[in-house]
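# Structural description and commentary
Residues per chain, in single letters:
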Amino acid sequence: MTNAVAVHGVGTSHFGRQPERDLVALAWDAVHEAFTDAGVEEVDAVWVGTVFGPPGVAQRVLRAMGITGIPVITVENACASGTTAFAEAHEAVRTGRYERVLALGIEQMSTAFDGAITPEDTDPEGRTGLALPALYAMAAARYLHLGAATPEQLAAVSVKNHAHALHNPRAQYSGRYTVEEVLASRMIADPLTLLQCCPTSDGAAAAVLGPATGGSREVRVRGLALRSGVPWNHASPHVWGHDIVRDTAADALAAAGLADVADVDVLEVHDAFTIGEIVTTEALGLVKPGDGGAAAARGDTALGGAHPVNPSGGLLSRGHPLGATGLAQIAEITWQLRDEAGARQVEGARLGLVETMGGGVSVLDGNACVVVLLEAP
Amino acid sequence: MAAVDALEEAVPHPITVDPRPQVTTGPDGLPRVLGIRCRACGEVAAYRWPRCPACRGAVEPAEFGPDGTVWSATVVRIPVSGRTPPYALAYVDLDAGPRVLAHVLPAGGPAPVIGSRVRLAEATPTGDVQVEVVP
């Protein structure tokens, strides 16, 4: 006997460069809001997603808000750490291991790095100097070479998501940029320019999960899936990160009993770099192969389009505190499905999708990917 | 080798085992990357790992290169710890071998055109795999 699971409450801190606030303060903002939203004072267990720690950070932030004694489990799955915490919390409720579980994502990047994340020295490609923007730049350069996207289409993703963020007061950046301005911003790793890269961010995000009881504000978890990457190499038909998203999405759709991703009304996907959103929309099956860039340029994936992607502004604009990102995506889709997203609301959204993909381990097609399907009350 | 050893010692780093592919010299005097080939599924990798990363099958030592084709390439223009930007990197599919990440000669030069033919060069004194475009 397993439980249907629902998101009972969500919360986030402000996202942005905020080195003057520690993770105790950022986590409190997220957890206090999520508890208030859920109408609870306590939980039975906590899963915490974080990448750069430091060790003990989960217990350190939780004890400051009086959450002690109960099981606290820290997970790391690169950029998918927050959604991995969500997936594990979901499984704990689904199987009845715990009744009410907090999933929390936390990360403070501004005090850890001067600029881009330092490549990991124990990884072959990290040791070779492959900064993360360069990994995505490889995919972008390949797309341009194949004619699967144009520089202007890459830039269109940035224009769209920064415009979406104008309506998100929690976002780090927003603005009405032109394609020309995006392309004219400083080159980071050819062909990706500064405005096509997510910023350095600090933040926390949280969700309270419990059995679905049919409450008027409960967002039901229709289904989810988590995969780690298989080898990606010379024999792979697609760019890095495509196949893991495709396969995880297929698992999640099957778990949700959905036949077609086109039934989804609103999506939050992993746009750490512009090319990431293009590859992801194709891998999800939302658009045809090679049409991801054109779809963004046409407005298909903009608010008001057929399939709005990243109404929050995405990682490009909201910011990307790694461990917090997945739960910020969950929070955004929860607000969308409860019709609480204000000026960025997707009208009548009933079904939402969250996708997070994290990488950095050489040879693998991503460290992990999580896809979650959520349904309106 | 003595000169290379001296250079290695001149560049201190805290990690004793280098995770990057090892470049050796083949019988023809040209560079090769040391790796493995899976006896079960034929998967290749540029690393001396105990099992096949695709199927967990038994593996045998293999050498790859020196020639290959550029799958994609970029120029890194941001500061990266211990390196001086800009520097070009390429994913190179070695002929009948794995995809490897390599620095592109000449250092500080442009990214090679995707699809162009390249050849392994000696690794840098600090251990980076390098390729140069075949004219």
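As the structure is a prediction and not an experimental result, all values here were calculated from the model.

The helix and strand inventory of chain B stands at one helix and nine strands. Tracing chain B from N to C terminus, the helices and strands come up as α-β-β-β-β-β-β-β-β-β. Relative to its full complement of 135 residues, chain B shows a buried share of 45%. Across chain B, contacts joining residues at least 24 apart in sequence account for 45% of those joining residues at least 6 apart. A total accessible area of about 6800 Å² is found for chain B, and carbon and sulfur atoms account for 56% of it.

Next up on the list: the sheet that holds strand S9 (residues 266-268) of chain A. Residue and element names in this part refer to chain A. With mixed pairing, nine strands are arranged side by side in an open sheet as S3-S2-S4-S7-S1-S8-S11-S10-S9. The open sheet terminates on both sides in strands that have one partner only, identified here as strand S3 (72-75) and S9. For this sheet the average axis-to-axis angle between neighbouring strands, irrespective of direction, equals 25°. Of the pairings in the sheet, the one linking strand S8 (residues 219-227) to strand S11 (residues 368-375) comprises seven bridges and is antiparallel in character. Residue pairing across strands places Val221 opposite Leu374, the latter belonging to S11. Each of strand S1 (5-12), strand S4 (101-108) and strand S7 (202-211) is contacted by helix H1 (residues 23-38), which is oriented at about 135° to S1, the strand it contacts most. Here helix H8 (residues 242-256) sits on the sheet and contacts S8, strand S10 (351-358) and S11; the angle it forms with S8, its principal contact strand, is near 140°.

Attention shifts here to the interface of chain A and chain B. A common way to report how large an interface is uses the accessible area buried once the components associate. With 33 residues of chain A at the contact, the number on the chain B side is 36 residues. Three residues stand out in chain A for area buried against chain B, namely A:Arg127, A:Thr128 and A:Met138, and they jointly supply 25% of the buried area on that side. On inspection of chain A and its partner chain B, the count reaches one salt bridge. For B:Arg77, the salt bridge identified is with A:Asp190, shortest N-O distance 2.7 Å. Taken together, the connections running from chain A to chain B amount to 14 residue pairs in polar contact (both at pLDDT 80 or more). Mapped onto the side of chain A that touches chain B, the elements with two or more residues apiece are helix H4 (124-127), helix H5 (132-146) and strand S5 (187-189) of chain A. Among the elements that line the side of chain A that touches chain B, the one with the most residues is H5(A), at eight residues.

Rules and cut-offs
- Residues numbered from 1 in each chain as written.
- Chains lettered and ligands numbered in written order.
- Predicted model: local features only at pLDDT ≥ 70, side-chain atom pairs only at ≥ 80, totals over all residues.
- Heavy atoms only, no water.
- Helix = DSSP H or I, 4+ residues; strand = E, 2+ residues; numbered from the N terminus.
- Buried < 20%, exposed > 50% of the residue type's maximum accessible area, 1.4 Å probe, protein only.
- Contact = heavy atoms within 4.5 Å.
- Areas by Shrake-Rupley, 256 points an atom, 1.4 Å probe, with all protein chains shown as cover.
- Pairing = 2+ DSSP bridges.
- Axes fitted to C-alpha atoms, helices over the stretch in contact; angles between N-to-C directions.
- Buried area = accessible area lost by both parts, 1.4 Å probe.
- Salt bridge = Lys/Arg side-chain N within 4 Å of Asp/Glu carboxyl O.
- Polar contact = N/O pair within 3.5 Å; in protein donor to acceptor, adjacent residues only side chain to side chain.

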